Amino acid sequence: MFARLMQAAAAAALLATPAMAAQDAITLAMVLEPPNLDPTGGAAAAIDEVVYANLFEGLTRIGPDGSVKPGLAERWETADGKTYTFHLRPGVSFHDGSGFDAQDVIFSLDRARAPDSTNAQKALFEGIETVEALDPQTVRITLKAPDGGFPFKLAWGDAVMVDEANIKDIATHPVGTGPFQFGEWKQGDHIRLDAFDGYWGAKPALKTATFRFIGDPTAAFAAMMAGDVDAFPIYPAPETLAQLQADPRFKVLVGTTEGETILAMNHKTAALSDKRVREAIAHAVNRQELIDGAMFGYGTPIGTHFAPHNPDYLDLTAQSQYDPALSKKLLAEAGAENLTLRLALPPTPYARRGGEILAAELRAVGIQTTTTNMEWAQWLEQVFKNADYDLTIISHVEPMDIGIYGREGYYFNYANPDFNAVMAQLDAATDPAERATLLKQAQKIIAEDYANAYLFQLAKTGVAKAEIEGLWENAPMPANDLTAVHWRD
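These notes cover the structure that comes with them. (Residues numbered from 1 in each chain as written. Predicted model: local features only at pLDDT ≥ 70, side-chain atom pairs only at ≥ 80, totals over all residues. Heavy atoms only, no water.)

## Observations concerning the nonpolar core
Which entries qualify depends on this criterion: Grouping buried Ala, Val, Leu, Ile, Met, Phe, Trp, Tyr and Cys residues that are joined through side-chain atoms within 4.5 Å yields what is termed a nonpolar core. Whether a residue is buried, partly exposed or exposed follows from its accessible area with a 1.4 Å probe, protein chains only, as a fraction of its type maximum: under 20%, in between, or over 50%, in that order. By the convention used here, residues are in contact when the closest approach between their heavy atoms is within 4.5 Å.
Grouped together as the largest cluster of nonpolar side chains are 118 residues, with contacts concentrated most on Tyr235, Ile281, Tyr405, Tyr411 and Phe412. If sequence neighbours within four positions are ignored, phenylalanine 412 has contacts with Ile262, Ala264, Met265, Asn266, His267, Tyr389, His396, Ile404, Tyr405 and Asn452. By size, the runner-up hydrophobic cluster in this structure holds 27 residues, among which are Leu88, Ala102, Ile141 and Trp156.

This is the structure we're talking about:
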């Protein structure tokens with residue numbers, strides 16, 4: 001059936017002569033529709049994939065190489081890692097024409113760290129003691145303790161600057177300072193952004209950008225072949241990449257992401273509070289089988305919650321190598337031979353495909369699973385917010401996010417005083433060598449404790465029409481940054 005659909009799509013593409021896309025417009029496809037458009041109030045990566053660097057900006061930002069770059073702050077300095085002074089760019093305005101200044105920084109950061117904040121990454125701001133305006137263009141942020149990684153934290157999508165006057169409508173009609181402004185949102189179909197004429201920086205080459213939502217892999221292939229979309233930055237059908245790569249109309253972009261794909265375990269589930277059971281689950285997983293079966297070979301095995309492209313990465317895959325005999329032995333020792341666990345799967349292809357493989361692997365060592373396929377909003381509410389699950393497959397795409405294992409009440413419900421102590425030292429460390437040592441210690445702790453089962457680093461496999469330039473090849477942040485995207489002349 002799939003082969004026939006591919007052939008039909010290819011034939012349609014050959015017969016059809018769609019009009020060439022306007023040189024100042026682009027249509028991109030995404031697998032998931034964002035639940036809202038407020039990056040400061042939602043955990044879904046799909047939000048940032050639309051708005052990061054396009055509609056909203058922070059004091060700092062992440063570049064395509066993963067480095068921290070100036071954003072709405074043109075420069076900053078710190079003498080001790082505890083007090084940071086940010087110098088704001090002049091002439092910046094929000095999309096409604098109101099000016100951006102130090103008071104907006106105070107509002108944005110105070111809102112993010114408020115007791116009633118709904119920010120999904122509220123922990124990023126817990127170290128802030130005070131935010132003060134030295135003058136309209138200068139902000140001083142004093143931390144409770146030195147934090148050499150603070151400019152990096154401010155580059156997350158959760159730390160963007162927002163407008164108090166428009167905050168009540170931010171979820172559905174966002175107002176930011178970026179090069180694009182909100183155009184329209186047709187629920188279930190697309191979101192359109194339009195170029196903002198009053199943008200403070202270099203104007204983008206694009207006048208409009210439309211994000212279409214295509215979750216089905218077969219439909220994704222058909223849409224590319226028919227020319228209905230210009231690019232699919234995170235393409236969900238890796239089984240068709242070879243065919244697209246052989247077609248001169250397209251180019252395939254294969255890079256890395258920050259997406260640690262894991263089999264997350266709820267430590268409040270009685271059986272999973274036993275380290276022997278968690279270790280048994282980890283040894284039941286055949287990573288290469290998962291990568292080949294769910295991702296058609298695209299992905300890098302990981303043994304801890306850290307990106308392999310990071311210079312401080314430790315290859316700890318041997319800690320949890322595939323060993324079903326050991327899994328059975330550990331389960332017997334724990335008295336958990338007849339274990340049944342709930343497996344919650346979000347709608348992403350890696351989770352749905354991977355879930356079938358993982359369920360079979362667990363069944364082979366004596367663990368039964370009851371699988372629930374969830375839509376994204378349901379997964380966010382039931383699993384991420386309420387921790388009502390036993391196991392789930394998810395890719396954590398936020399950069400350098402190993403600190404989530406120290407968050408109280410996070411959906412893993414993981415608690416390890418040794419890990420927390422290392423993270424506290426990391427927060428206070430400003431020396432790069434010391435930070436590298438601490439990051440390696442943190443990786444070892446969660447690997448040796450089998451905090452979760454670590455599967456693979458998600459590859460970024462994108463497809464675009466050959467004439468499109470400027471799309472990110474790698475994904476150091478979940479984003480479709482359009483500031484440099486253009487059609488080749």
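## Brief notes about the side chain of glutamate 258
Cut-off, in case you're wondering: The numbering of helices and of strands both runs from the N terminus, where a helix is a DSSP run of H or I of at least 4 residues and a strand a run of E of at least 2. Charged-residue counts in this description rest on Lys and Arg as positive and Asp and Glu as negative, His and the chain ends being excluded. By definition, a salt bridge exists where a carboxyl oxygen of Asp or Glu is found within 4 Å of a side-chain nitrogen of Lys or Arg. Counting of polar contacts relies on pairs of N or O atoms within 3.5 Å, with two restrictions inside protein: one atom must be capable of donating a hydrogen and the other of accepting it, and residues adjacent in sequence are counted only when both atoms are side-chain atoms.
Mapped onto the elements, glutamate 258 comes out in strand 12 (residues 250–265). Buried and unpaired, glutamate 258 has arginine 435 as its nearest opposite-charge partner, separated by 13 Å. Among the polar contacts listed, one links the side chain of glutamate 258 to the side chain of histidine 309, at a separation of 2.9 Å.

## Description of the pairing of strand 15 (residues 368–373)
Rule in force here: One requirement defines pairing of two strands: DSSP has to find at least two bridges between them. Throughout, right-handed denotes a crossover for which the path from the first strand over the helix to the second runs clockwise when the strands point away from the viewer.
Pairing of strand 14 (residues 340–345) with strand 15 involves 6 bridges; the strand directions are parallel. When the bridges of strand 15 are listed, alanine 344 appears paired with threonine 372. Viewed along the sheet, the connection from strand 14 through helix 10 (residues 349–364) into strand 15 turns out right-handed.

## Brief notes about the packing of helix 8 (residues 287–295) against helix 10
Which entries qualify depends on this criterion: Inter-axis angles, ranging from 0 to 180 degrees, are taken between N-to-C directions of lines fitted to C-alpha atoms, where helices are fitted over the stretch in contact. Any angle that falls under 35 degrees is termed roughly parallel, while one over 145 is termed roughly antiparallel, one within 65 to 115 roughly perpendicular, and all others oblique. Helix crossings get a hand from a simple test, with the near helix turned counterclockwise from the far one by less than a right angle marking a left-handed crossing and a clockwise turn marking a right-handed one. Residue type decides the class: Asp, Glu, Lys and Arg count as charged, Ala, Val, Leu, Ile, Met, Phe, Trp, Tyr, Cys and Pro as nonpolar, and the leftover types, Gly among them, as polar.
Look at helix 8 against helix 10: their axes get within 9 Å of each other, and the N-to-C directions meet at 140°. Relative to helix 10, the element helix 8 lies oblique. In terms of crossing hand, the pair formed by helix 8 and helix 10 is right-handed. From helix 8, Glu289, Leu290, Gly293, Ala294 and Met295 reach across to helix 10, where they touch Tyr350, Arg353, Gly354, Ile357, Leu358 and Glu361. Of the residues that constitute the contact of helix 8 with helix 10, the class distribution is 6 nonpolar, 2 polar and 3 charged.

## Some points on the packing of aromatic side chains
For any two aromatic rings, the description comes down to two numbers: the centre-to-centre distance and the angle of the planes. Put simply, the test is: Here a pair means two rings of Phe, Tyr or Trp (six-membered ring of Trp) with centres within 6.5 Å. Their orientation is stacked below 30 degrees between planes, edge-to-face above 60, and tilted elsewhere.
For the structure on display, the rule yields 18 aromatic pairs. Here the aromatic rings of tryptophan 376 and tryptophan 379 are separated by 5.3 Å at their centres, their planes lie at 0°, and the arrangement is stacked. You can see tryptophan 376 and its partner tryptophan 379 sitting in helix 11 (residues 376–385), 3 residues apart, about one turn around the helix. Accessibility assignment for this pair places tryptophan 376 and tryptophan 379 in one class, buried. Residues tyrosine 411 and phenylalanine 412 carry aromatic rings whose centres are separated by 4.6 Å and whose planes lie at 55° to one another, so their mutual orientation is tilted.

## A short note on the sheet that holds strand 6 (residues 128–135)
The strand order across the open sheet formed by 4 strands is 4-5-7-6, and the pairing between neighbours is antiparallel. Looking at strand neighbours, the two that pair on one side only are strand 4 (73–78) and strand 6, the edges of this open sheet. In this sheet, neighbouring strand axes are inclined to one another by 20° on average, regardless of whether the strands run parallel or antiparallel. In terms of strand pairing, strand 4 meets strand 5 (residues 83–88) through 5 bridges, oriented antiparallel. Note that in strand 5 the partner of threonine 78 across the bridge is tyrosine 84.

## Observations regarding the pairing of strand 1 (residues 25–30)
Extensive coverage of strand 1 is indicated by the burial of 6 of its 6 residues. The two faces of strand 1 match: Ala25, Thr27 and Ala29 on one face and Ile26, Leu28 and Met30 on the other face are all buried. Here 6 bridges tie strand 1 to strand 10 (residues 208–213), and the two strands are oriented parallel to one another. Its bridge partner being in strand 10, methionine 30 is matched across the sheet by phenylalanine 213.

## Some details on the environment of aspartate 489
Within the secondary structure, aspartate 489 is located in the segment after strand 19 (486–487). Overall, the relative accessible area of 97% leaves aspartate 489 in the exposed class. Residues aspartate 489 and glutamate 467 lie 22 residues apart in sequence; the distance between their C-alpha atoms is 7.8 Å.

## Some remarks on unusual backbone geometry
The backbone of alanine 53 sits at a positive phi, close to 70°, despite the residue not being glycine. For alanine 53, the location among the structural elements is in the loop between helix 2 (45–51) and strand 2 (60–62). Assessed through its relative accessible area of 7%, alanine 53 is described here as buried. At asparagine 413, a residue that is not glycine, the phi angle is positive and equals roughly 60°. With respect to the helices, strands and loops of the structure, asparagine 413 is situated in the loop between strand 16 (391–396) and helix 12 (417–428).

## Digging into helix 12
Test applied: Given a helix with a known number of residues, its expected span is that number minus one, times 1.5 Å.
Given a rise of 1.5 Å per residue, 12 residues ought to cover 16 Å, and the 17 Å separating the end C-alpha atoms of helix 12 matches this to within 8%. For helix 12, the elements touching its buried residues are helix 13 (432–448). N-capping of helix 12 is provided by asparagine 416, with a side-chain oxygen placed 2.9 Å from the backbone N of aspartate 418.

## Observations concerning the pattern of salt bridges
Between side chains of opposite charge, pairing is possible as soon as their charged atoms come close. Across all of its chains, the model carries 21 salt bridges by this definition. Put simply, arginine 192 and aspartate 194 hold a salt bridge, and the shortest N to O gap is 2.8 Å. Overall, the relative accessible area of 24% leaves arginine 192 in the partly exposed class. You can call aspartate 194 buried: its relative accessible area is 17%.

Interpretation note: all reported values are geometric properties and have no functional meaning in isolation.
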